[in-house]
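Chain by chain, the residues run as shown.
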Amino acid sequence: MSSIAIDPPDHPIDHPHGPKPGLLRWVFTTNHKDIGTLYLWLSLTMFIVGGSMAMCIRAELFKPGLAFFEPGFFNELTTLHGLIMIFGAVMPGFVGLANWMIPMMIGAPDMALPRMNNWSFWLLPFAFTLLISTLFINGPAPDFGWTAYAPLSTIYGPKSTDFFIFSVHLMGLSSIMGAINIIATILNLRAPGLTLMKMPIFVWTWLITAFLLIAVMPVLAGAVTMMLMDRHFDTSFFNAAGGGDPVMYQHIFWFFGHPEVYIMILPSFGIMSEIIPTFSRKKLFGYTSMVYATSSIALLSFLVWAHHMFTTGLPVIGEIYFMLATMLIAVPTGVKIFNWVATMFRGALSFETPMLFATAFLIMFTIGGFSGLMLAMVPADYQYHDTYFVVAHFHYVLVPGAVFGIIAAVYYWLPKWTGHYYSETLGKIHFWLSAVSINVLFFPMHFLGLAGMPRRIPDYALEFADFNKIASVGGFVFGCAQILFLLIVIRTIRGGPKAPAAVWEGAHGLEWTLPSPPPYHSFTTPPKVY
Amino acid sequence: MTEHQHQHYYVPEQSYWPILGSIGLFTLIVGGINILHQHAYAWYIFFTGALIVAFMLFGWFSAVISESRHDLYSPQLDRSFRWGMVWFIFSEVMFFGAFFGALFYARHFSVPWMGGIGAKLATHTVLWDNFKAVWPLLQNPDPTKYIGPTEAMSAWGIPAINTLILLTSGVTVTIAHFALKNNERTKLALALFATILLGISFLCIQAYEYHHAYTEMGLTLHSGIYGTTFFMLTGFHGAHVTIGTIMLIIILLRCLKGHFTPEKHFGFEATAWYWHFVDVVWLMLFIFVYWL
């Protein structure tokens, strides 16, 4: 990768079509940078909306007793918080980065299918309008958790469940089209000479993520379609009275759900594999093993889904299989962590904001990975299941994993996108506020869970009060710190020190051969890579 | 590598078709939800949405066809379309996979467990002690809530005929493809026409079978997990045959207008791929839903 010698395009890019004037440009655009920007702003908006719901949840849990909300509304908050953060903040965030960076990293003029790219994005605002509108219509919003288990979502589901179902259909459509576009772009639009094993790891991880998306989003669509049929057309997929099984829903859902977990982390792995070599001023250690580790993680993700269901009464042999298969995933993940640490070893390290977030990712994602291993053990899981330990685990992999990945990527590539450096001081303040508060927020949840506090409840026993109070304080600080992030981004777009084409001296790759900000159409003539 | 090997990759200008598609789908969905909740005017909203989506599909594909006719597409773009179609079909495979998965789970796990086999003996003795696990399920665990069908659908009547029809249509569409490659336009049109006729007859026979199941066999969507999986699997397949037939009709019209050359005819090929995919799904259905 970093050994690639790059021949810049013969002629400076002089394309007649610049951005169209007016606001409708954003609605009709077929440009990968415009669409990437739209995705990223949607992601940040949804991050703030979902984050506000998290703030409400932490406010309610600040002390025992019901303070602000009815228990029913609390359930709506946890459900919508989960759905919005997963489908609204993390996934569009990564797709936005893919849209911006993949064509620039592989030397393409744009995405392979630019009009479909526009549709992939513009389905999402409609999907989230449907989903969030459930808060304002008569009757409760979806209140069954983001997993929407039957029969909570079938027999007992509120009317708004139908809004949930169709909004998931729209999100799925968007993800599938987006993923098809990314795969077609990577397989077909690489610059001559850029073989698969020379691609930046970010492109590799997205190729694999896109495969996962196309494989499992239709399965989720199938699951919610069955839910719809059970609700309105009297089928009995998830009703034992007719020979179905509510646990069947969980199998189908988690067959989607587990690969979905990797959909939310693999692009982050790719980002780390870009940032860590840059700020270590070394080649990425073990490029080939990174590619194979990512592929193994993706393949294994299809074989472990029932570890989310150890307490549903699976046959023992099934539980043992799923336990062992799950633990196997620690091997390729360990390879990746090892490679990143080995990349840093004896490197000329410097800690600009992206590198700070990457370092925090390394440490905290590993903590999340270890608590995952604990949860993978069947006998232990009988105790941990549906407690705050699970909440602590998946927030450790999702916030310092996925979200820190996106934030690190934004700091890393923002000078490329805008042509301005962000303020390093403000970036560092944002980092330290986030990194400290996130641990104050989520670390006590391990103790709460081990002590037996169940998840998804608005009230709790007195002995859990102290840790909940600490977690809430951490939550509020983390929430406020993200407002600072919003301000830094806006400030950088509006101005700042000029960034050259090669924003970071240690960075390698095609995207750094383009000026900052890059031209509207990245590479009209493909560059040559040797 | 010469300069001409990598031709200019066509990046379309701004387009209003996608946003129109989103508005159409949104309207369709709002209408659909209101139909389910039995609100006034729901059907009007639903049909408005359907019209917008149909208009969008027509306009968008027209734009693509006219761009292709004006030779804006390079061989590289053709490959992008090919990858797009391949992965779209893969996503469809996974969608059907979810429903086949439900069928396998019911047949091999949940139904036998409720009948007292294997790990869930207590489920049987405590909850469903009168239930016998026999597939196809004529007697549901709770017959008061879900009345089972009087008989199961046999494989060797109508379904076997339909299998023959679809397999034949797979042959005719291949004949059409070879005719197109050899530039035999009459043979192409006739073979395509035959494929469409076979598709339509499949759908008519399927409709007859459904009618028979509903009126004479008591086999319905609400006759328990057997009827549920039967109708959802064959129903989604039927929907895909319908879409495939519409695609074939459009391809036939385009052939009659003189579109496609022996070298460049991706629209035709994509439709043929889709048709073969529908064919394979039917074979799976025939084996696992009707036969075994």
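Rules used throughout
- Residues numbered from 1 in each chain as written.
- Chains lettered and ligands numbered in written order.
- Predicted model: local features only at pLDDT ≥ 70, side-chain atom pairs only at ≥ 80, totals over all residues.
- Heavy atoms only, no water.
- Helix = DSSP H or I, 4+ residues; strand = E, 2+ residues; numbered from the N terminus.
- Rg over C-alpha atoms; globule rule 2.2 N^0.38 Å.
- Buried < 20%, exposed > 50% of the residue type's maximum accessible area, 1.4 Å probe, protein only.
- Contact = heavy atoms within 4.5 Å.
- Areas by Shrake-Rupley, 256 points an atom, 1.4 Å probe, with all protein chains shown as cover.
- Domains from an automatic or database assignment.
- Buried area = accessible area lost by both parts, 1.4 Å probe.
- Salt bridge = Lys/Arg side-chain N within 4 Å of Asp/Glu carboxyl O.
- Polar contact = N/O pair within 3.5 Å; in protein donor to acceptor, adjacent residues only side chain to side chain.
- Nonpolar A, V, L, I, M, F, W, Y, C, P; charged D, E, K, R; others polar.
- Disulfide = S-S within 2.5 Å.
- Core = buried A, V, L, I, M, F, W, Y, C linked by side-chain atoms within 4.5 Å.
- Patch = residues over 30% accessible without salt bridge, like charges linked within 9 Å, V, L, I, M, F, W, Y side chains within 5 Å.

**Points about the overall build of chain A**
Moving on, step 1. Looking only at helices and strands, chain A features 16 helices and two strands.
Moving on, step 2. The C-alpha radius of gyration of chain A comes to 23 Å, within 12% of the 24 Å expected for a compact globule of 530 residues.
Moving on, step 3. Projected onto its principal axes, the C-alpha positions of chain A cover 70 × 50 × 45 Å.
Moving on, step 4. The burial tally for chain A puts 65% of its 530 residues in the buried class.
Moving on, step 5. Taking all contacts inside chain A whose residues are at least 6 apart in sequence as the whole, residues at least 24 apart take part in 83%.
Moving on, step 6. Accessible area for chain A stands at about 17800 Å²; split by element, carbon and sulfur atoms hold 72% of it.

**What to know about the domain arrangement of chain B**
All names here are of chain B.
Moving on, step 1. Segmenting chain B into domains produces domain 1 (1–73) and domain 2 (76–291).
Moving on, step 2. Relative placement of domain 1 and domain 2: their C-alpha centres are 26 Å apart.
Moving on, step 3. At the junction of the two partners, domain 1 supplies 10 residues and domain 2 supplies nine residues.
Moving on, step 4. For the pair domain 1 and domain 2, the two sides together bury roughly 830 Å², of which 56% comes from carbon and sulfur.
Moving on, step 5. Where domain 1 touches domain 2, the interface holds one salt bridge.
Moving on, step 6. Between Asp71 and Lys264 there is a salt bridge whose closest N-O contact spans 3.4 Å.
Moving on, step 7. Our count for the contact surface shared by domain 1 and domain 2 stands at two residue pairs in polar contact (both at pLDDT 80 or more).
Moving on, step 8. Residues that form the side of domain 1 that touches domain 2 fall into these classes: five nonpolar, three polar and two charged.

**So, the interface of chain B and chain A**
Moving on, step 1. Counting from both sides, the interface comprises 68 residues of chain B and, opposite them, 70 residues of chain A.
Moving on, step 2. With both sides pooled, the region where chain B packs onto chain A buries about 6000 Å², and carbon together with sulfur makes up 73% of that total.
Moving on, step 3. The interface formed by chain B and chain A includes two salt bridges.
Moving on, step 4. Notably, a salt bridge pairs Lys20 of chain A with Glu13 of chain B, separated by 2.7 Å at the nearest N-O pair.
Moving on, step 5. Remark: the boundary between chain B and chain A carries 18 residue pairs in polar contact (both at pLDDT 80 or more).
Moving on, step 6. Contributions of two or more residues to the side of chain B that touches chain A are made by α1 (17–36), α2 (42–69), α3 (75–114) and α7 (225–256) of chain B.
Moving on, step 7. For the side of chain B that touches chain A, the leading source of residues is α3 of chain B, giving 22 residues.

**As for the state of the cysteines**
Residue and element names in this part refer to chain A.
Moving on, step 1. In the structure shown here, the tally under the stated rule is zero disulfides over all chains.
Moving on, step 2. Cys56 takes part in no disulfide bond, and the closest cysteine sulfur to it belongs to Cys480, at a distance of 13 Å.
Moving on, step 3. Under the relative-accessibility criterion, Cys56 is labelled partly exposed at 27%.
Moving on, step 4. With relative accessibility at 55%, the residue Cys480 sits in the exposed group.

**Details of the nonpolar core**
Moving on, step 1. Among the nonpolar cores identified, the biggest contains 279 residues, and Phe87, Leu97, Phe164, Trp206, Trp340 and Trp413 of chain A are the most heavily contacted of them.
Moving on, step 2. The element that contributes the greatest number of residues to this core is helix α6 (residues 201–232) of chain A, accounting for 23 residues.
Moving on, step 3. Residues from two domains meet in this core; each of domain 1 (1–73) and domain 2 (76–291) of chain B gives at least three.
Moving on, step 4. Once residues lying within four places of it in the same chain are set aside, the contact partners of Leu97 of chain A are Leu40, Ile102, Phe202, Ile271, Ile406, Ala409, Trp413 and Trp417 of chain A.

**A look at a nonpolar patch on the surface**
All names here are of chain A.
Moving on, step 1. Taken together, the side chains of Ile429, Leu433, Val473 and Val477 define a hydrophobic patch exposed on the protein surface, amounting to about 290 Å² of accessible area.
Moving on, step 2. Looking at the nonpolar patch, the elements that each hand over two or more residues are α15 (424–450) and α16 (465–494).
Moving on, step 3. As for its position among the elements, Val473 is in helix α16.

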